[in-house]
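Architecture at a glance
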Amino acid sequence: MNIFVGHLAPTVTSDDLRTTFSTYGTVINALIMRDTIHDKPLGYGHVYLVPDENAQRAIQELNRMVLRGRPMVVRMSLDRVRKDRRLKQIPWEAPERRQGSRRTNGHGLNSQHTLFPGTKA
């Protein structure tokens, strides 16, 4: 089971998570998420723990446990699909807001209007 671990101190490493969760079962993977540009920890991570029964027990017992001076937030990780995050998105089949002759040239004028006498936009 994939477990989300949040509110981590910047000094927490993946080995710390691995040793903390290893008493509950077999830790397949333990990751601390990091900023790709500055390589600083983002304050959360994921632990993949098997079997699932022990992972549920670990979630209940380790939630709010203090690790390196901060209480961890431990819960089951939810895999979200992009579509679920964009519930208010306009469907692709919707007609365009602007129609052919109403398009402007960026100055608020239609392409048929002239800027100065004798010139076209």
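Predicted model, so just to flag it, every value in this text is computed and none were measured.

Here we take up the environment of L17. Along the chain, the position of L17 falls in helix α1 (residues 14-21). Sequence spacing of L17 and I32 is 15 residues, and the spatial spacing of their C-alpha atoms is 8.6 Å.

On to the nonpolar core. Formed by 21 residues in total, the largest nonpolar core has its most connected members in I3, V5, L17, F21, L49 and V74. If one sorts the elements of this core by residue count, helix α2 (residues 52-62) sits on top with 4 residues. Among residues more than four places away in sequence, those in contact with V74 are I3, F4, V5, F21, I59, L62 and N63.

Further remarks concern α2. The complete set of buried residues in α2 reads A55, A58, I59 and L62. Along the axis of α2, the buried positions cluster into a sector of 100°, meaning they face one direction only. Among the exposed residues of α2, those oriented more than 90 degrees off its buried face are E53 and Q60. On its buried side, α2 packs onto β1 (2-6), α1, β3 (41-50) and β6 (73-76). R64 lies just past α2 and shows a positive phi near 70°.

With an omega of -5°, the peptide bond running from V50 to P51 counts as cis. In this structure, P51 sits in the loop between β3 and α2. Although it is not a glycine, D39 adopts a positive phi angle of roughly 55°. For R68, which is not a glycine, the phi torsion comes out positive at approximately 55°.

Conventions we followed
- Residues numbered from 1 in each chain as written.
- Predicted model: local features only at pLDDT ≥ 70, side-chain atom pairs only at ≥ 80, totals over all residues.
- Heavy atoms only, no water.
- Helix = DSSP H or I, 4+ residues; strand = E, 2+ residues; numbered from the N terminus.
- Core = buried A, V, L, I, M, F, W, Y, C linked by side-chain atoms within 4.5 Å.
- Buried < 20%, exposed > 50% of the residue type's maximum accessible area, 1.4 Å probe, protein only.
- Contact = heavy atoms within 4.5 Å.
- Arc of directions from axis to C-beta.

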